[in-house]
Amino acid sequence: MRNYYIAGNWKMHKTRGEAAALAQALVAQLKNGKHKYLVAPSFTALETVGPLLKGSNILLGAQNMAAAEQGAHTGEVSVLQLKDLGVQAVILGHSERRHTYQEDDGLINKKVKLALQHGLEVILCVGELLSEREAGNAEGVCETQTVQGLAGVAVADLPRVTIAYEPVWAIGTGKTATPEDADAIHASIRQVVARLYGTDAAQQILIQYGGSVKPDNAAQLMAKEHIDGALVGGAALSADTFVPIALFK
Ligand code: PEP
C-alpha cells in the first residue's frame, strides 16, 4: 500500500512575510493529516519557512537547483546552499524549467543525481505538451523523460524519488486530465520504472499528478490506482484551497 504525497509548489509567489503566514497556517491545519506533505517556497523564503516547519509533518522543498555543486554559476543556487537551509527535497524538471528555461533531459538528470548524492529527496516532473498529446505521443514523451531523468540512478536511491506527471497543457490553465487519462499515463510510467528497476520498485514508487488540481477534483484523481498524490501549483498558494486537497480522504 503506497502513501499519498501532496506537495505545494509556490513558484515565484510570496514575500517572506506572506510565506511565513501560509507556512504557519499549514502547520496548524495539517498537523493531523495522514499523508506525506511538502511545500516548496521561493529560494528567498526558504530561510524563513524552514524553521516554521521544524517538528511538523511538512517537508521543506526547493523548486530547482543547479547541476553543479558550486562554482562560477551566476544566478544559480547549489545543493550545498539548499542543504544549509534545511531543504529536504527538490522539484526538478518542472515544465516551466523545461519549456521556459530550456532545460533538457541531460541537464535534469545531472541535477537528479547530484541531489540524490547529497541525500535530498527528488520530485522529478515529466509531462507532454498539448501538441504531443494530440499526436498520440503522451506516453512516449513521459517514457523518454522518465528514462533519461533517472539514467544512472541506483535502485537503492529510488525510494527518495517521486515522479510527478504534469501534462503541460493542464498546468495553470484550469484544464485537468480526466482521472482515467491521468491514471493511464501513471500506469505507463510505472511500467517504465518496472522495466528499469523491477516490479517491487515500481509498485513502491510514488507518482503524483499535477495540473490544475483543486479541492473539487483532488479526491477523484487520487482515487485512481496509480495516482499517489498531487503536485499543486495555484491551489497551493492559500491554505483555504491547499488544506482540503491535503486532507482528502
Ligand atoms: C505546477 O506548477 O506544478 C502545477 C501543477 O500548477 P497548477 O496546479 O497551478 O496547474
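Here, residues in each chain are numbered from 1, in the same order as that chain's written sequence. Owing to the predicted nature of the model, reporting of local features is limited to residues with pLDDT of at least 70; listing and counting of side-chain atom pairs is limited to 80 or more, with chain, interface and lining totals taken over all residues. Hydrogens and water are ignored here; the side-chain numbers use all heavy atoms of the structure.

Draft legend 1. A look at helix α11 (residues 239–246). All of the buried residues along α11 are Ala-239, Phe-242, Val-243, Ile-245 and Ala-246. In a view along the axis of α11, the buried residues occupy a sector of 165°, so they form one face of it. Two residues form a contact once any of their heavy atoms are found within 4.5 Å. Secondary structure follows DSSP: runs of H or I at least 4 residues long count as helices, runs of E at least 2 residues long count as strands, and numbering of each begins at the N terminus. Close packing links the buried residues of α11 with β1 (5–9), α1 (16–29), β2 (36–40), α10 (218–222) and β8 (229–232). We define a polar contact as two N or O atoms separated by no more than 3.5 Å, with the added condition that, inside protein, one atom must be a possible hydrogen donor and the other a possible acceptor, whereas residues neighbouring each other in sequence contribute only through side-chain atom pairs. Capping of α11 at its N-terminal end is provided by Ser-238; its side-chain oxygen lies 3.0 Å from the backbone amide nitrogen of Asp-240. Exposed residues in this analysis have more than 50% of their type's maximum accessible area, buried residues have under 20%, and partly exposed residues fall in between, with area computed by a 1.4 Å probe over protein chains only. In this description, the arc belongs to the directions extending from the helix axis to the C-beta atoms.

Draft legend 2. Representation of the side chain of Asn-217. Note on placement: Asn-217 falls in the loop between β7 (206–210) and α10. Polar side-chain contacts of Asn-217 include one of 3.0 Å to the backbone oxygen of Ser-212. With residues near it in sequence (within four places) discarded, Asn-217 still touches Thr-176 and Ser-212.

Draft legend 3. How the structure looks around the site of the ligand. A cutoff of 4 Å decides nearness: a residue is near a molecule or strand if any of its heavy atoms lies inside that distance of it. Around the ligand sit 14 residues, and of these Lys-11, Glu-166, Gly-172, Ser-212 and Gly-234 come closest. The separation between an oxygen atom of the ligand and a polar side-chain atom of Lys-11 is 2.6 Å. A distance of 2.9 Å is found between an oxygen atom of the ligand and a side-chain nitrogen or oxygen belonging to His-94. With residues, only the protein chains shown are counted as cover, and all accessible areas are computed by Shrake-Rupley using a 1.4 Å probe. In the complex, 97% of the free accessible area of the ligand, which totals 290 Å², lies under the protein chains. Under this grouping Gly is polar, as are all residues other than the nonpolar Ala, Val, Leu, Ile, Met, Phe, Trp, Tyr, Cys and Pro and the charged Asp, Glu, Lys and Arg. Tallied by class, the residues present in the shell around the ligand amount to four nonpolar, eight polar and two charged.

Draft legend 4. Expanded view of the sheet that holds strand β6 (residues 161–165). One closed barrel accounts for eight strands, arranged β1-β2-β3-β4-β5-β6-β7-β8; its pairing is parallel. Direction aside, the axes of adjacent strands within the sheet are offset by 25° on average. Across three bridges, the pairing between β2 and strand β3 (residues 58–62) is parallel. In the sheet register, Leu-38 faces β3, and the bridge partner there is Leu-59. Of the strands in this sheet, β1, β2 and β8 are in contact with α11, which crosses β1 at around 160°. Strand pairing is defined by DSSP finding a minimum of two bridges between the two strands. Lines fitted to the C-alpha atoms define the axes, with helices restricted to the stretch that makes contact. Angles between their N-to-C directions range from 0 to 180 degrees.

Draft legend 5. Looking closely at the packing of helix α5 (residues 105–117) against helix α7 (residues 138–149). Relative orientation of the contacting elements α5 and α7 amounts to 45°, with a least axis distance of 8 Å. Classed by the angle they form, the pair α5 and α7 counts as oblique. Contact residues: Asp-105, Asn-109 and Val-112 in α5; Thr-144, Gln-145, Gln-148 and Gly-149 in α7. Of the residues that constitute the contact of α5 with α7, the class distribution is one nonpolar, five polar and one charged. For classification purposes, an angle smaller than 35 degrees is called roughly parallel, one larger than 145 roughly antiparallel, one from 65 to 115 roughly perpendicular, and anything else oblique.

Draft legend 6. Quick peek at the pattern of salt bridges. In what follows, salt bridge is the name for a side-chain nitrogen of Lys or Arg lying within 4 Å of a carboxyl oxygen of Asp or Glu. Overall, the coordinates contain 11 salt bridges when judged by the stated rule. We note a salt bridge from Glu-103 to Arg-97, for which the minimum N-O separation is 3.0 Å. Between Lys-224 and Glu-180 there is a salt bridge, with its nearest N and O atoms 3.3 Å apart. With Lys-224 in the loop between α10 and β8 and Glu-180 in helix α8 (residues 179–197), this residue pair connects regions lying 44 residues apart in the sequence. By sharing partners, the salt bridges in this structure join Arg-2, Arg-190 and Asp-228 into a single network.

Draft legend 7. Representation of α5 in the model. Between its first and last C-alpha atoms α5 spans 18 Å; for 13 residues at 1.5 Å apiece the expected length is 18 Å, and the two agree. Trailing α5 by a residue or two, Gly-119 shows a phi angle of about 85°, which is positive. The length a helix should cover is 1.5 Å for every residue beyond the first.

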